[in-house]
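# Fold and geometry: a report
In case you want the letters, here they are:
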Amino acid sequence: MRTDGILDRLAALRAADAPTHGGRVLSYVYDPGLAELDELAAAAARAVQPVNGLDPTTFTSVAVMEGELLGFARTMLHGPADGPDAVVGSVTSGGTESCLLAVKIAREAFRAEHPDVRPRVVAPVSVHAAFRKAAQHLDVDLTLVPVDPATGTPAAADLVAALDADDVALVVVSAPSYPHGVVDPVAEVAEAAAARGVPVHVDACVGGWVLPFWAAAGGEAVPPFDFSVPGVTSISADVHKYGYAPKGASVLLVRGRDRQRRQFFATTGWPGYPVVNPTLSGSRSAAPLAAAWAVSQALGTAGYTALTARCVRATHALRAAVDAIDGLRVVGRPTGPLVAVATDGSVPPERRVDPHLWADAVRSLGWVL
């Protein structure tokens, strides 16, 4: 076996990538600016490099780390730990898998009650594309409700109106929505959905690990969006975003163990071993889980609040910079770290700025929007 030059070649390939540290790539990567946290995550991942997360009864460290990470997330998102509505969950490979599993749970629960009705999911048009993928992969219908183009916010009444049918298996709202950075009207939708017996999934893949700390860190007040809201039945939250873990870690939390079982695949109907998969994967690396667990253990509530305070200051500075550019505007009233920028149509045409051209100009200065 020959290993000489391989890592040098990799270093050369990486040199062509956008920078992952320094805060100049405003998507895809989430740099806490703490070198020791990077080292901790890398060491934790290396420690479980040979481990297969498929079987936590063989590799018991997987069960312990997953339980502790989910427990942190459950507390952070105000989920009860006991009783029939106890919040339970799984660590997944990312937001897309969490969202697919949320739709799978809803589809299976709906089919059990309505075997002859094709299930439908209702969501704002601003919902993450993962739900379009889920609808395609899981063969369910998807109704997308328009949002206000000026603010990016869906009207609660429009979402509620779309629930008045006997085929709705799930309604999805975002906290915040990826395109516009606004928190959807979770409480209003959840109240109406609960009255109709429709489960509610909150896609907090972006906000789940930052909105709980946002107001305490000096940001604006955050509308209720988590398990403190009656009627919310599941939440997706990516640890590899503002949880500051390396890529490949998200959590899906579900209210009620009986409901959560709908996400599992299990079979003894083949000549091999019994298969029980809580997620879409069978064999899976334990490295992202270990890294996410280690980061959350190191930061805790105090650490996340401190990092969120830095994020609040940076976000406010970015908003102020956009507000100072004649011809551009921030879309709506974003809550959290996402900011959508659009042409300011209120100024004369000759003063309007195309945000795509602006983004290209910013990129020439070393930033990636």
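For the structure itself, consult the block above.
What comes next is a walk through the structure. (Residues numbered from 1 in each chain as written. Predicted model: local features only at pLDDT ≥ 70, side-chain atom pairs only at ≥ 80, totals over all residues. Heavy atoms only, no water.)

With respect to topology, seven strands assemble into an open sheet ordered β1-β7-β6-β5-β4-β2-β3, the strand pairing being mixed. Edge positions in the sheet fall to β1 (87-92) and β3 (141-145), since each has one partner strand and no second. Sheet twist, expressed as the mean angle between neighbouring strand axes with direction ignored, is 20 degrees. With five bridges joining them, strand β2 (residues 120-124) and β3 adopt parallel strand pairing. For A123, the partnering residue across the bridge sits in β3 and is L144. On the sheet, helix α5 (residues 130-138) packs against β3, β4 (168-174) and β5 (200-203) and is oriented at approximately 155 degrees with respect to β3. (Pairing = 2+ DSSP bridges. Helix = DSSP H or I, 4+ residues; strand = E, 2+ residues; numbered from the N terminus. Axes fitted to C-alpha atoms, helices over the stretch in contact; angles between N-to-C directions. Contact = heavy atoms within 4.5 Å.)

Residues V202, W209, Y244 and V251 are the most contacted members of the largest nonpolar core, which totals 71 residues. A per-element tally of this core places helix α10 (residues 287-323) first, with 13 residues. With residues up to four places along the chain from it excluded, the contact list for V251 reads L69, L70, A73, S90, V91, S98, W209, I235, S236, A237 and V239. Among the nonpolar cores identified, the runner-up in size contains 16 residues, and C99, A123, V140 and L170 belong to it. (Core = buried A, V, L, I, M, F, W, Y, C linked by side-chain atoms within 4.5 Å. Buried < 20%, exposed > 50% of the residue type's maximum accessible area, 1.4 Å probe, protein only.)

Right, let's talk about the pattern of salt bridges for a bit. Per the counting criterion, the structure on display carries eleven salt bridges. Across the pair D17 and R14 runs a salt bridge whose closest N-O atoms are separated by 2.8 Å. With a relative accessible area of 40%, D17 lands in the partly exposed category. A salt bridge links D139 to R118; its shortest N-O distance comes to 3.0 Å. Here D139, found in the loop between α5 and β3, pairs with R118, found in the loop between α4 (95-113) and β2; they are 21 residues apart in sequence, far enough to count as distant. Given the relative accessible area of 40%, R118 is considered partly exposed. (Salt bridge = Lys/Arg side-chain N within 4 Å of Asp/Glu carboxyl O.)

Read these as geometric descriptors, not functional statements.
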